[in-house]
Amino acid sequence: MASSNIISRAWNQFFFTGFSGESLGLLRMYIGCGLLFFHTYQFATVLSLNPIGAMYYFIDPIWYFKLLGIQYHVPALSFGMYAILMGATVSMILGKNTRTSIIVIILCIFYLKGVRDSFSGDVHHREIIPMQILFLFALSKCGIVHSRDARQLHIPEGVQEWEASWPIKTMQLYVALFYFWSVFAKVGTSGWVWFAGEGKIQEVLILRSVRWGVTDQGEVLKNGLSFELAQHPELIQLFSILVLAFELGFPLLLLIKSVKLRLAFIMGVTTFHIATFVLMDVNFLLIPFVYLIFFDLVPIHQWLKTRAWPLFRRRLSMAG
């Protein structure tokens, strides 16, 4: 009985305390701003097509396109869906019809991701974390704090601590476990050799160093830095051990109370994503915007509003 009470208290302490309604509303706003850049970056290839161009069949439709019977691409429809996506994201930021806006964002992402990944059957997973965060936002009361709906409909902006905390804490837990279980995914596909100096990472470095570099004269080196690193298995071994350590240790971030230590850990993970993008073309470059979920944005927002923004306006007026 005592042990069950301890577990129950720990459960409640973790999931239902720590954040205010203002924290949840601000997180919705700032994550929404990050999504504006994320959407543009992720679906740039779709937008590079001629909007009034011809329709054509997909080479290898993604599984849910096959299920729905979507077999060909309509360029104008993709541009329309992108416009709706960006509009719904702005609506989410403003807190206008928040839950409906989030649902629209999710549907648009499903369609545009399906289009992009159906061109060649090369399925990407960069939207997984943002999609889960959006789903939790849709289930929460994030739309009645710092929102136009609350002001126009005179909805009381009172959100209890437990109502604000559980979606944010669930987001944190999901992201932490996403990295934690990725270790077992690597081991399941490549074995522990993935973390060896002359294993999977070295192979990927060599392949990516000549990616898209095949001509009539042979392979052309596209990334000299990747190729040079591939010649040093001891550095690759160090790199792989660091990856193993931070992915297995990511759940420990949930126990760290110090903001500075959390920030240091997050900066390390961000550096990892930048490095893998530069060296291996693993395109999780913009995913660090979701790490905002690990911080209470109330003091940050207050500082931006009272100090950073007035300072920026003064300098802008002086420059003008």
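Details of the structure are given in the entry above.
From a predicted model like this one, the values you see are computed outputs, not experimental measurements.

Chemist: What's the story with the overall build of the protein chain in this structure? I'm lost.
Modeler: Of regular secondary structure, the protein chain possesses 14 helices and 4 strands. Buried positions account for 40% of the 320 residues belonging to the protein chain. The contacts of the protein chain with a sequence gap of at least 6 include a subset with a gap of at least 24, amounting to 74%. Total accessible area on the protein chain is roughly 17,700 Å²; 69% of this is exposed by carbon and sulfur atoms.

Chemist: How should I be thinking about the side chain of R126 in this particular structure?
Modeler: If you trace the backbone, R126 turns up in the loop between α6 (98–118) and α7 (128–139). Nearest to the buried, unbridged R126 among oppositely charged side chains is E127, at 5.2 Å. When sequence neighbours within four positions are dropped, the list of residues in contact with R126 reads F38, Q42, R116, N283, F284 and I287.

Chemist: Teacher, can you tell me more about helix α10 (residues 200–209) here?
Modeler: Note: α-helices contain 3.6 residues per turn, so residues at a spacing of three or four share the same orientation. What α10 keeps buried is the set I201, Q202, V204, L205 and S209. An end-on view of α10 places all buried positions within 165° of arc, on one side of the element. Where α10 is buried, its residues meet α11 (224–229), α12 (233–249) and α13 (259–280).

Chemist: What should I look at first to understand the packing of helix α2 (residues 21–42) against α7 in this one?
Modeler: If you want to describe how two helices pack, look at the angle between their axes and the distance between the axes. Here α2 crosses α7 at 145°, and the two axes come no closer than 12 Å. Between α2 and α7 lies a crossing of left-handed hand. Contact residues: α2 offers L24, L27, R28, I31, L35 and F38, while α7 offers P130, I133, L134 and F137. Within the contact of α2 with α7, the residues separate by chemical class into 9 nonpolar, no polar and 1 charged.

Chemist: Could you clarify how one ought to interpret a nonpolar patch on the surface in this entry?
Modeler: Taken together, the side chains of L177, W181, F184 and L248 make up a nonpolar region of the molecular surface, amounting to roughly 370 Å² of accessible area. Tracing the backbone through its elements, the reader meets F184 in helix α9 (residues 161–190). Accessibility expressed as a relative area gives 41% for F184, which makes it partly exposed.

Chemist: Sorry if this is basic, but what is going on with the packing of aromatic side chains here?
Modeler: Two aromatic rings, taken as a pair, are described by how far apart their centres are and by the angle between their planes. On inspection of all chains with the given rule, the structure shows 25 aromatic pairs. Aromatic pair F14 and F15: ring centres 4.8 Å apart, planes at 90°, arrangement edge-to-face. Looking at F15, the relative accessible area reads 11%, which means it is buried. Ring geometry for F250 versus F265: centroids 5.2 Å apart, planes at 85°, classification edge-to-face. Placement of the pair is F250 in the loop between α12 and α13 and F265 in helix α13, with a sequence separation of 15 residues. By relative accessible area, F250 is classed as buried at 0%. Members of the aromatic cluster, joined through ring pairs, are Y174, F178, Y179, F239, F246, F250, F265, F272, Y291 and F294. Over the ring of F14 we find K169, and its NZ or CZ is 5.0 Å from the ring centre.

So, how was this worked out
- As a convention, each chain's residues are numbered from 1 in the sequence order in which they are written.
- Local features in this predicted model are restricted to residues of pLDDT 70 or higher, and side-chain atom pairs are both shown and tallied only at a pLDDT of 80 or more, whereas totals for entire chains, interfaces and linings draw on every residue.
- Hydrogens and water are ignored here; the side-chain numbers use all heavy atoms of the structure.
- The helix and strand labels rest on DSSP assignments: H or I over at least four residues marks a helix, E over at least two residues marks a strand, and numbering proceeds from the N terminus.
- Relative accessibility decides the category of a residue: with a 1.4 Å probe and only protein chains considered, values under 20% of the type maximum give buried, values over 50% give exposed, and everything between is partly exposed.
- Only heavy atoms matter for contacts: two residues are in contact if any of them lie within 4.5 Å across the pair.
- All accessible areas in this document rest on Shrake-Rupley with a 1.4 Å probe, and a residue is counted as covered only by the protein chains that are shown.
- We count Lys and Arg on the positive side and Asp and Glu on the negative side, and we leave His and both chain ends out.
- Salt bridges, as used here, are contacts in which a Lys or Arg side-chain nitrogen is within 4 Å of a carboxyl oxygen on Asp or Glu.
- The directions from the helix axis to the C-beta atoms form the arc being described.
- What counts as an axis is a line fitted to C-alpha atoms, over the stretch in contact for a helix, and the angles between N-to-C directions run from 0 to 180 degrees.
- The crossing is said to be left-handed when, going from far helix to near helix, the turn is anticlockwise and less than a right angle, and right-handed when the turn is clockwise.
- The residue classification treats Ala, Val, Leu, Ile, Met, Phe, Trp, Tyr, Cys and Pro as nonpolar and Asp, Glu, Lys and Arg as charged. All others, Gly included, are polar.
- Residues enter a patch when their relative accessible area is above 30% and they make no salt bridge; the linking distance is 9 Å between like charges and 5 Å between nonpolar side chains (Val, Leu, Ile, Met, Phe, Trp, Tyr).
- Each aromatic pair joins two rings of Phe, Tyr and Trp (for Trp, the six-membered one) with centres within 6.5 Å, and gets the label stacked for planes under 30 degrees apart, edge-to-face for over 60, and tilted for any other angle.
- Over a ring means this: the NZ of a Lys or the CZ of an Arg is within 6 Å of the ring centre and within 35 degrees of the ring normal.

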